[in-house]
Amino acid sequence: MASVVSTIKQKKKKAKHSVSLSDLKTLGNQLLSSRAHINNLPLLLSYVSPTSPPPYALESLLSLQSFFTPLLPSLPPSSPSSKPSAPDLQDDPDFIYRTWLRSKFDHFVRSLIDLAVSPDSDETLKEVVLDTIMEFVKVGNCGRFHSAIYHRLLHAIVYSSISIYFLIDLLVSNYFKYIDVRYFTYISLEKISRTLESKEISDVNEDSIDESHSRSSMEVFLQNIHYIISRVPHMEGLDEKSDYEMWSRSGNDSKELSGNSKAEDKKLQTEKSNNDVLAAAKIAKRMKLKFTKAWISFLRLPLPLDVYKDVLVSLHQVVIPYLSNPIMLCDFLTRSYDIGGVVSVMALSGLFILMTQYGLEYPNFYDKLYALLVPSIFMAKHRAKFFQLLDSCLKSPLLPAYLAAAFAKKLSRLSLSVPPSGALVIIALVHNLLRRHPSINCLVHWEDGDETAKDNAEGDSGTGSDISSRKPGMDCFNSEESNPIKSNAMRSSLWEIDTLRHHYCPPVSRFVLSLENDLTVRAKTTEMTVKDFSSGSYATIFGDEMRRRVKQVPLAFHKVTPTSLFTESDFSGWTFNREDGKEKNDGSDENEITNEHGRRSAKRQVESS
């Protein structure tokens, strides 16, 4: 034994990794066979390293896993604050030996984590390493979940500077189906997020030497956290079901009712079923609380723009329904809504849900929504969802008349500068506004001399400004005004919609005719479904026109071959001569004109002579 160890040490001093796999296998077998070969442990640990060849690291890993797994329940805690209760144990050789084994086990776990996140490790080795770490998480705490090891693993994954998506995908596919793994994932991500938040505050307060490098590293960390937290399965249906799985206790619940009578079995089964339902409800409540803390801590961080957009897109579907208190997101959503541009558009979905379902009050909501109506919004990626939410936000009959008029007028002004697909959406939105709010139907036809309408407009808008000095025919609507109440929309008209009657795109000119109906008669009209027009484009319009059935197709040729360039009805009373001098038509009117011309010529000749 001593000769084998000394030979391997001599070989390591001469050349790195010159030891054969058979020698490592011999060392592992000796370590597992007898306590006398415990000196093989540090040597095998030295090969569990990213610098070792994968076969050497794998062979050492398997031997050390087999050695430590049965010893873990007897090892003392690794916390430095934990000391033996009896002073005599400090001098106990067995306790010293077990303490030394615990330190070697901790070193082994650190080496495994380094191996898992190393760019030099291949995917096969990473998969084995992850399974080994999760096995220690399962049995390393006397049958309970070893959260410390799992936290160290997630911490290393988040703080990895390379792409670790393969490792996360393995964790998601193999272990996120267990409820305790998901539970402690939320706990660890919350701790990491809070650490990053404090680090970000310290970096802001102190002048960083390499600020750009620190910022890029922070963005990578945040992308890793988002990749993990967005792939944790939700707790759907757990309140009604009790068939959940736990990683740290899977397989321990054996059939305890086999030796009882049928009556006792039935009673115990009923009690166990009730306890399972209560446990499932309790677990669901705790999971929702940890889910909320993890997401709120993550959303406090300075998210990169790509992560910011991904979060806003899915926030109303994958986060808000599962929060213990969704109102806690109001700060994040209102801050996003105030940014403007595409970020505000993407934040509108979550903010609308909080306002309509959870009672959030946001006084400046319609002012911000009015400011989002710019020509670029009709080319945005998420314009379809935005137009549907815009239609829903303007549906309330309690909306003031000046506000409905401002939106109708702003949309009609945008119809002059947007693509045909945007004009179709605008017509649908204006149609719904005129139908829902009869008080703004005065915008359909407005005359300068209508003093009664002017007085009504002043009363509705509340501005009280004098318009007697404005020139006739001038639109008093201020399209640059960001405040709807100051836009003077009630003193204007929807003349822009009338110009769409002569739009170059036939679907637009046809669709605008729907506004000719009396929309104040709600019984005879229906609302337009904005969803049918919100995702339109040139391609969809062209496809609809190609599929459209036309009764009579206009032809570019004559059914009968024409004999002249013009017909008689084009120029009545005129004659057209052919090139050979012959008259094209021999009608009586033409002959009379010719004879009269001859008589006048003869008369002039006589007078001249």
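Keep in mind it's a predicted model, so treat the numbers as computed, not measured. (Residues numbered from 1 in each chain as written. Predicted model: local features only at pLDDT ≥ 70, side-chain atom pairs only at ≥ 80, totals over all residues. Heavy atoms only, no water.)

Chemist: It is not clear to me how the overall build of the chain should be interpreted in this structure. Could you clarify?
Modeler: Within the chain, the secondary structure is distributed over 24 helices and zero strands. Counting only contacts in the chain whose residues sit at least 6 apart along the sequence, the fraction spanning at least 24 positions is 72%. Carbon and sulfur atoms make up 52% of the accessible area of the chain, which amounts to about 34,400 Å² in all. (Helix = DSSP H or I, 4+ residues; strand = E, 2+ residues; numbered from the N terminus. Contact = heavy atoms within 4.5 Å. Areas by Shrake-Rupley, 256 points an atom, 1.4 Å probe, with all protein chains shown as cover.)

Chemist: I keep staring at the UniProt feature "transmembrane region" (unreviewed entry) in the chain and nothing clicks. Help me out?
Modeler: As recorded in UniProt, the sites labelled "transmembrane region" (unreviewed entry) are residues 153-172 and 337-360. Taken end to end, residues 153-172 is 70% helix and 0% strand, and its first and last C-alpha atoms sit 14 Å apart. Helix makes up 75% of residues 337-360 and strand 0%. Its end C-alpha atoms lie 14 Å apart. (UniProt positions renumbered as here; feature names shortened; annotations may be inferred.)

Chemist: What exactly am I supposed to notice about the packing of aromatic side chains here?
Modeler: Centre distance and the angle of the planes are the two values used to describe a pair of aromatic rings. With the rule as written, the count across this model stands at 28 aromatic pairs. A centroid spacing of 6.3 Å and a plane angle of 75 degrees characterise the contact between Phe 291 and Tyr 322, whose relative ring orientation is edge-to-face. Of this pair, Phe 291 sits in helix H11 (residues 262-299) while Tyr 322 sits in the loop between helix H12 (305-318) and helix H13 (330-337), and the two are 31 residues apart along the sequence. Accessibility assignment for this pair places Phe 291 and Tyr 322 in one class, buried. (Phe/Tyr/Trp six-rings, centres within 6.5 Å; stacked < 30°, edge-to-face > 60°. Buried < 20%, exposed > 50% of the residue type's maximum accessible area, 1.4 Å probe, protein only.)

Chemist: Can you walk me through the pattern of salt bridges in this structure?
Modeler: Side-chain pairing between opposite charges can occur once the charged atoms of the two side chains come close. All chains considered together, the criterion is met by 16 salt bridges. Between Asp 498 and Arg 501 there is a salt bridge whose closest N-O contact spans 2.6 Å. On the accessibility criterion, Asp 498 (41% relative accessible area) is partly exposed. As a salt-bridge pair, Glu 516 and Arg 501 come within 2.4 Å of each other at their nearest N and O atoms. Taken together, the positions of Glu 516 in the loop between helix H21 (506-511) and helix H22 (531-534) and Arg 501 in the loop between helix H20 (495-499) and H21 put the pair 15 residues apart, joining distant regions of the chain. Arg 501 gets classed as partly exposed once you look at its relative accessible area, which sits at 34%. Each of Asp 391, Arg 435, Arg 436 and Glu 527 takes part in a single network of salt bridges with overlapping partners. (Salt bridge = Lys/Arg side-chain N within 4 Å of Asp/Glu carboxyl O.)

Chemist: Explain a nonpolar patch on the surface to me, please; I cannot follow it from the model alone.
Modeler: Side chains of Leu 565, Phe 566, Phe 571 and Trp 574 sit close together on the surface and give an oily, nonpolar patch of about 490 Å² of accessible area. Along the chain, Leu 565 turns up in the loop between helix H23 (538-547) and helix H24 (588-608). (Patch = residues over 30% accessible without salt bridge, like charges linked within 9 Å, V, L, I, M, F, W, Y side chains within 5 Å.)

Chemist: For this particular structure, what's the right way to read helix H18 (residues 420-436)?
Modeler: Residues lying three or four places apart along an α-helix face the same way, a consequence of the helix completing one turn every 3.6 residues. A rise of 1.5 Å per residue sets the reference length of H18, with its 17 residues, at 24 Å; its end C-alpha atoms lie 25 Å apart and thus fit the reference within 8%. Of all 17 residues making up H18, 17 are buried, and the element is well covered by its neighbours. (Expected span 1.5 Å × (residues − 1).)

Chemist: What exactly am I supposed to notice about the environment of Glu 127 here?
Modeler: As for its position among the elements, Glu 127 is in helix H6 (residues 123-139). Along the primary structure Glu 127 and Ala 116 are separated by 11 residues, whereas in three dimensions their C-alpha atoms are 8.2 Å apart.

Chemist: Looking at this structure, how should I read helix H17 (residues 401-414)?
Modeler: With 14 residues, H17 should cover 20 Å at 1.5 Å per step; its first-to-last C-alpha distance of 20 Å lies within 8% of that length. Where H17 is concerned, the buried positions are Ala 401, Leu 403, Ala 404, Ala 405, Ala 406, Phe 407, Ala 408, Lys 409, Lys 410, Leu 411, Ser 412 and Leu 414.

Chemist: Is there a simple way to explain the side chain of Thr 185 in this structure?
Modeler: One can find Thr 185 in helix H9 (residues 179-205). Given a relative accessible area of 0%, Thr 185 falls into the buried group. Of the polar contacts made by the side chain of Thr 185, one reaches the backbone oxygen of Val 181; its length is 2.5 Å. Filtering out sequence-adjacent residues up to four positions away, Thr 185 remains in contact with Tyr 150, Leu 154, Phe 176, Ile 228 and Val 232. (Polar contact = N/O pair within 3.5 Å; in protein donor to acceptor, adjacent residues only side chain to side chain.)

Chemist: Teacher, can you tell me more about unusual backbone geometry here?
Modeler: The general pattern is negative phi for most residues beyond glycine and trans for most peptide bonds. Here the phi dihedral of Asn 488 falls at roughly 60 degrees; this positive angle occurs in a residue that is not glycine. Secondary-structure assignment places Asn 488 in the loop between helix H19 (451-461) and H20.

Chemist: Help me understand the side chain of Ser 193 in this model?
Modeler: Mapping Ser 193 onto the fold places it in helix H9. If we skip the residues at most four places from it in the chain, Ser 193 touches Ile 225, Ser 297, Phe 298 and Leu 301.

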